[in-house]
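Spelled out from the first residue to the last, the chains are:
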Amino acid sequence: MVLSRLWYLLLGLLATTAVGFAFALTFLYNQREESHNATQLAADSQTVEWAIKIDSRRRLDALLPLAANPAVATHATEIVNATDATKVAGFRLELKRALVNVSNAAKEANGGVFAPDVVMVVGRDARVLGFQRVLAEVGKGRLPAWLDTIEQNPDFELGGYFAVIDALGGFERDDLWQLGDHLFLVATRPIIAEGSTQPIGAIVGLKAVDDDFVKALAKSTRTSIVVFARGKRMSAGADVSRDVAELDAVNDELASIARNTEFVTKMRTEPRAIRPSISATFVRLPGEASMAGFAVIRQSDFLSNPLEAQARLPQNFKEHLPIPILAAVAAIALLMGLALSYVEHTLPLRALRRQAADLKQGDTDSLAPAKLRGVYREAADAINDGIERVLIKRGGMSSRPADLSAILGPVPTNNPMSAFALPGNEPTSAPASASPGFAPGFGGPAQIPISASTPPPAPRPTSPPSAPPPRKAPPPPPRMRHAADNEATAVGLAPPEPSRAPSTSQATEEADWLRVYEEFLSMKRQCSEPVEGLTFTKFAATLRKNRDALMSRHACKSVRFTVYAKEGRAQLKASPVRDS
Amino acid sequence: MNRIRVAGALRLGLLAAPALGLTFGSALAAPAIQLKGRIAGYEKLVPEVNAEPQRSPQTWYAWRIPWALRARFPLLISREICIAAFPNGGAKEAPALDPVLIKVTGGRTNPVTLVVSPGTRVAFKNVDPFAHDLTSATANWSRAPLQPGGTREWSPTSAGVSEFRDELFPSVRTFVVAEKNVVAFAFPSDRDGSFVFSLPPGDYTLKAYFGGNPVGKPLTDVKVPQRGPAELKEPLVVSAESK
């Protein structure tokens with residue numbers, strides 16, 4: 001039973017450990033997911049940043065054919081150097097035609113991927129000399145309507161913008177402008193007239209950072225991007241594999257991002273959890289547009305409990321399971337459980353069933369608890385007690401220890417066993433107290449130990465015992481068939497031993513007692529008890545006295561005495577014999 | 001002492017084209033004499049607002065590569081430099097000048113630096129097709145969006161420098177310098193740095209202002225004759241080294 005219960009405890013501990021391990025793995029997975037997302041966000045932000053830089057470079061390159069176009073340079077020079085205002089309009093018209101031609105060429109180059117939406121030619125004083133929509137068809141509707149009014153606005157100029165100033169100074173340069181509610185990627189290049197070393201003007205290309213642009217950027221970088229400026233969302237886009245809804249998660253963060261020190265000074269923030277499962281990194285874009293930038297967003301795939309992992313396992317996860325090991329563990333656990341159950345349940349039950357069958361068939365009178373364990377032993381004891389109780393109730397004989405006090409009568413004041421004791425020597429043991437039902441005349445527990453444990457202080461008897469020399473010890477007295485450890489006196493049928501059958505003649509009885517005497521002496525010696533002073537005459541007198549008492553009390557024909565050892569001391573047992 | 005040759009008199013109205021180097025404003029009622037001059041040493045001047053991106057380029061651009069053979073900062077002196085005329089002979093406080101218009105466009109204002117006497121009305125006009133948001137930490141100026149085509153007036157009440165910025169465009173930094181006895185101001189031409197004043201006859205000091213501060217060496221003894229026009233023989237040096 002104990003092993004089974006230990007096995008159950010072990011199984012419980014294993015199950016608890018497994019569940020705890022599953023939760024620990026869930027925590028570990030979520031931690032890894034968070035760390036992975038942070039790394040991915042950093043990588044995403046770098047990728048988008050590089051993509052925008054490369055895009056700016058390509059736009060600068062795409063502007064070169066326009067800036068280096070001789071017609072554009074010539075007509076721009078004519079306008080700048082015109083002293084006759086009446087001719088300026090003609091020069092502007094010529095410049096417009098040249099811009100149309102180069103714009104069409106730019107639109108066709110590389111499929112127009114890096115072509116600007118709008119190009120403007122500015123003079124040395126940064127006033128706009130020419131304006132042209134390059135991607136008019138594509139840009140129509142996406143670009144602000146006021147762009148078309150620039151040409152008619154004589155006060156409009158671009159001289160304050162750093163990119164234009166730099167282009168007029170001979171630099172090619174990129175920038176980011178926020179004009180009204182629109183964000184533009186700007187590329188500027190100087191226009192250098194033939195034979196000159198200084199720019200006559202500059203060409204400015206604007207590309208609107210609208211949803212189309214950001215969607216293309218998100219698709220090429222496989223990210224989710226929100227572009228913002230001054231706390232306001234300008235455009236957004238997500239790769240087809242990403243959840244578009246996550247783009248809205250950053251809206252609440254945009255208003256305060258301009259106050260973020262990392263964003264302002266380091267140009268980017270660390271990944272920030274903006275919702276329990278959504279993180280974002282904010283990157284400031286370089287340029288004149290104040291506090292403009294983009295946010296890359298990632299949604300974490302956290303597990304709320306271990307069971308969620310099952311739904312997210314890939315189809316081929318079984319290929320990665322150590323099936324043999326799992327099967328072996330399960331088989332070992334099963335076999336261990338079965339083995340312990342067999343040992344602790346099946347075997348005792350079988351033994352009990354076998355004993356019950358023997359009892360049923362009459363092979364035994366009772367169960368043998370000694371052959372059983374644990375609760376089965378207790379059950380066998382209880383069954384035996386029940387059988388005894390029923391037998392006694394119905395007048396049958398009991399196999400319980402005989403109540404010798406009832407058999408032998410009250411204990412005499414003078415110790416009946418004094419015949420066995422040496423003069424002046426009292427028995428050291430108190431068997432009567434251990435078995436108060438036995439007559440102290442036999443001087444021992446249970447069945448009258450005839451004690452001579454204390455050597456007599458008096459001189460040893462000079463005469464040897466009158467008894468004949470001791471013979472070989474007889475075999476132990478027969479016991480009941482059930483072989484139980486019941487050492488009590490059997491008040492019932494005596495074993496059919498002819499040698500022990502009561503004799504009608506006194507000589508036979510005396511011979512029988514002599515045999516008992518010899519057995520008693522032998523037993524005392526085996527028990528290392530003193531035998532000095534224990535003569536057959538005294539022994540026989542005591543037996544006779546007790547025989548008479550038992551015969552008169554139980555009306556039996558004879559009394560059989562047997563020798564046994566109990567608790568390391570020789571004992572005598574008197575059994576009344578009712579019939580022959 | 002500079003010798004001034006008087007060529008004639010010329011009275012200018014309130015607003016003239018600063019790019020042409022003409023006098024932009026004057027508070028004088030007396031017949032004025034045209035005084036021509038030119039500035040020198042401005043090639044190395046770089047506005048602070050343009051110098052800042054070079055100190056922290058990662059904040060401002062990804063690519064900035066010299067393309068021309070001699071790439072340099074092209075200072076548009078007609079917007080950036082303002083020359084003010086002060087009468088010599090006493091600290092007499094000049095009356096307010098005629099109203100001055102400052103156009104907001106192209107990522108800055110035109111002019112960028114303006115020198116006037118206290119009380120002069122200054123009008124900011126947005127000529128861009130989108131809104132601006134001018135602010136000032138030094139002037140008595142309440143913040144409000146300046147819509148396209150909109151105008152807003154302001155005048156300095158005392159001497160000092162008032163700086164205006166645009167929350168939407170960091171390149172906008174405008175300086176209005178109020179000096180007590182300014183009688184006229186002018187802007188040099190982008191073409192050759194020449195400028196023209198219309199001043200009554202008398203002795204004057206000419207100072208150049210750049211980025212809200214005086215630069216170069218003032219011309220302290222400029223005599224405007226009774227008959228003009230007159231022309232300064234020596235340029236007004238505005239480089240920082242000549243301070």
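Small disclaimer: the values here were computed from a predicted structure and weren't measured. Within any chain, residue numbers begin from 1 and follow the written order of that chain's sequence. Note on labels: chains are lettered from A, ligands numbered from 1, in written order. Given that the model is predicted, a residue must reach a pLDDT of at least 70 before its local features are reported, and side-chain atom pairs must reach 80 or more before they are shown or counted; all residues, however, enter totals for whole chains, interfaces and linings. Just so you know, side-chain values use all the structure's heavy atoms and leave hydrogens and water out.

(A) Geometry of the overall build of chain B. Secondary structure follows DSSP: runs of H or I at least 4 residues long count as helices, runs of E at least 2 residues long count as strands, and numbering of each begins at the N terminus. Summing up its helical and strand segments, chain B has three helices and 19 strands in all. Within chain B, the proportion of its 243 residues that are buried is 54%. Throughout, a residue-residue contact means that at least one pair of heavy atoms, one from each residue, lies within 4.5 Å. If you take every contact in chain B between residues at least 6 apart in sequence, the share linking residues at least 24 apart comes to 69%. For chain B, the exposed area adds up to about 10500 Å²; of that, 52% sits on carbon and sulfur atoms. Three exposure classes are used, based on accessible area relative to the maximum for each residue type with a 1.4 Å probe and protein chains only: buried under 20%, partly exposed in between, and exposed over 50%. Using a 1.4 Å probe, the Shrake-Rupley method yields the accessible areas, and only the shown protein chains count as cover for residues.

(B) The interface of chain A and chain B, seen in detail. Across the contact, 47 residues belong to chain A and 40 residues belong to chain B. Around 3800 Å² of area is buried between chain A and chain B when both sides are counted, 57% of it from carbon and sulfur atoms. We define a salt bridge as a side-chain nitrogen of Lys or Arg found within 4 Å of a carboxyl oxygen belonging to Asp or Glu. Where chain A packs against chain B, one counts five salt bridges. Residue Glu157(A) is joined to Arg108(B) by a salt bridge in which the shortest nitrogen-to-oxygen separation is 3.3 Å. We define a polar contact as two N or O atoms separated by no more than 3.5 Å, with the added condition that, inside protein, one atom must be a possible hydrogen donor and the other a possible acceptor, whereas residues neighbouring each other in sequence contribute only through side-chain atom pairs. Counting every contact that joins chain A to chain B gives 20 residue pairs in polar contact (both at pLDDT 80 or more). For the side of chain A that touches chain B, the leading source of residues is strand β3 (residues 171-179) of chain A, giving seven residues. Amino acids are sorted into nonpolar (Ala, Val, Leu, Ile, Met, Phe, Trp, Tyr, Cys and Pro), charged (Asp, Glu, Lys and Arg) and polar (every other residue, Gly among them). In terms of residue class, the side of chain A that touches chain B is made up of 18 nonpolar, 13 polar and 16 charged. Pairs of strands are assigned from DSSP output, requiring at least two bridges between the strands. Looking at chain direction, β3(A) and strand β4 (residues 64-66) of chain B are connected through three bridges and run antiparallel. In the strand pairing of β4(B), Glu172(A) is matched with Ile65(B). Note on terms: buried area is the combined drop in 1.4 Å-probe accessible area of two parts once they are placed together, counting the loss on both.

(C) Region of the structure containing empty space enclosed by the protein. Think of a 1 Å grid over the protein atoms and nothing else: a 1.4 Å probe that fits but is trapped marks a cavity, an open set flanked by protein within 12 Å on at least five of seven lines marks a pocket, and residues with an atom within 4 Å of a point count as lining. Grid points are joined across faces, edges and corners, and a volume is the space filled by probe spheres set on the points. Across all of its chains, the model carries seven cavities of 30 Å³ or more by this definition. Forming the boundary of the largest cavity are Glu49(A), Ile52(A), Lys53(A), Ser56(A), Asp174(A), Asp175(A), Leu176(A), Leu185(A), Leu285(A), Pro286(A) and Ala62(B). Broken down by secondary-structure element, the contributors of at least two residues to the lining of the largest cavity are α1 (2-67) and β3 of chain A. Sort the elements by how many residues they give to the lining of the largest cavity and α1(A) lands first, with four residues. In terms of residue class, the lining of the largest cavity is built from six nonpolar, one polar and four charged. Empty space within the second largest cavity amounts to approximately 80 Å³.

(D) Layout of the side chain of Thr26(A). All names here are of chain A. With respect to the helices and strands, Thr26 occurs in helix α1. With a relative accessible area of 6%, Thr26 lands in the buried category. Non-local contacts of Thr26, meaning those with residues more than four positions away in its chain, are made with Leu303, Asn305 and Pro306.

(E) Expanded view of the packing of α1(A) against helix α10 (residues 323-361) of chain A. Residue and element names in this part refer to chain A. Throughout, an axis means a line fitted to C-alpha atoms (over the contacting stretch in the case of helices), and angles, computed between N-to-C directions, take values from 0 to 180 degrees. Between α1 and α10, whose axes approach to 8 Å, the crossing angle comes to 155°. Classed by the angle they form, the pair α1 and α10 counts as roughly antiparallel. The chirality of how α1 crosses α10 is left-handed. The segment α1 lies against α10, with Val2, Leu3, Ser4 and Trp7 engaging Ala333, Met336, Gly337, Leu340, Ser341, Glu344 and His345. When describing relative orientation, an angle under 35 degrees is termed roughly parallel and one over 145 degrees roughly antiparallel, while 65 to 115 degrees is termed roughly perpendicular and anything else oblique. Two helices that cross are described as forming a left-handed crossing if the nearer one is turned anticlockwise from the farther one by less than a right angle, and a right-handed crossing if clockwise.

(F) Representation of the packing of α1(A) against helix α6 (residues 211-221) of chain A in the model. Residue and element names in this part refer to chain A. Orientation of α1 relative to α6, taken along the N-to-C sense of each, is 120°, at an axis distance of 10 Å. The orientation of α1 with respect to α6, classified from their angle, is oblique. For the pair α1 and α6, the sense of crossing is right-handed. Residues Thr47, Val48, Ala51, Ile52, Asp55 and Arg59 of α1 lie in contact with α6, whose contacting residues are Phe213, Leu217 and Thr221. Of the residues belonging to the contact of α1 with α6, the class tally is five nonpolar, two polar and two charged.

(G) Representation of a nonpolar patch on the surface. Residues and elements named next belong to chain A. Here a patch means residues that are over 30% exposed by relative accessible area and free of salt bridges, tied together within 9 Å if like-charged and within 5 Å if nonpolar (Val, Leu, Ile, Met, Phe, Trp, Tyr). A cluster of nonpolar residues, Val2, Leu3, Leu6, Leu9 and Leu13, forms a patch on the protein surface that exposes about 480 Å² of accessible area. With respect to the helices and strands, Leu3 occurs in helix α1. Accessibility expressed as a relative area gives 42% for Leu3, which makes it partly exposed.

(H) Inspection of the sheet that holds strand β7 (residues 108-110) of chain B at higher detail. All names here are of chain B. Spatially, β7-β6-β9-β11 is the arrangement adopted by the four strands of the open sheet, whose pairing is mixed. Looking at strand neighbours, the two that pair on one side only are β7 and β11 (151-154), the edges of this open sheet. Strand after strand, the sheet turns through a mean of 25° between neighbouring axes, direction not considered. Inspection of the sheet shows strand β6 (residues 100-105) paired to β7 by three bridges, in the antiparallel sense. In the sheet register, Val104 faces β7, and the bridge partner there is Thr109.

(I) Geometry of the environment of Arg354(A). Residues and elements named next belong to chain A. Position of Arg354 relative to the elements: it lies in helix α10. According to the relative accessible area criterion, Arg354 is exposed, its value standing at 52%. C-alpha separation for the pair Arg354 and Leu367, spaced 13 residues apart in sequence, amounts to 9.6 Å.

(J) Region of interest: the packing of aromatic side chains. Stacked, tilted and edge-to-face are the three classes assigned to paired rings of Phe, Tyr and Trp, where Trp is represented by its six-membered ring and a pair needs centres within 6.5 Å; plane angles under 30 degrees give stacked, over 60 edge-to-face, the rest tilted. Under the defined criterion, the tally for this structure stands at 17 aromatic pairs over all chains. Of the aromatic side chains, those joined through ring pairs into one cluster are Trp146(A), Tyr161(A), Trp177(A), Phe130(B) and Phe169(B). The criterion for a charge sitting over a ring is simple: Lys NZ or Arg CZ within 6 Å of the ring centre, and within 35 degrees of the ring normal. Its end group placed over the ring of Trp63(B), Arg57(A) keeps NZ or CZ at 5.4 Å from the ring centre. Of note, Arg64(B) hangs over the ring of Phe171(A), and the distance from its end group to the ring centre comes to 3.8 Å.

(K) Region of the structure containing the confidence of the model for chain A. Residue and element names in this part refer to chain A. Across the chain, each position has a pLDDT score giving the predictor's confidence in that residue, from 0 to 100. Averaged over all residues, the pLDDT of chain A equals 79, while 79% of them reach at least 70. Per-element mean pLDDT across chain A ranges from 38 in helix α13 (residues 431-434) up to 94 in strand β6 (residues 224-229). Here residues 402-503 is modelled with pLDDT under 50, and outside its nearest four sequence neighbours on either side it reaches 197 contacts, counting other chains as well.

(L) Up close: helix α2 (residues 70-81) of chain A. Residues and elements named next belong to chain A. One less than the residue count of a helix, multiplied by 1.5 Å, gives the span that helix is expected to have. Helix length check: α2 (twelve residues) gives 16 Å between terminal C-alpha atoms against 16 Å at 1.5 Å per residue, within 8%. All of the buried residues along α2 are Val72, Ala73, His75, Ala76, Thr77 and Ile79. On the buried face of α2, the contacting elements are α1, α3 (85-108), β1 (118-123), β2 (128-133) and β4 (182-191). Put simply, Asn69 is the residue that caps the front of α2, since its side-chain oxygen is 2.9 Å from the backbone nitrogen of Ala71.

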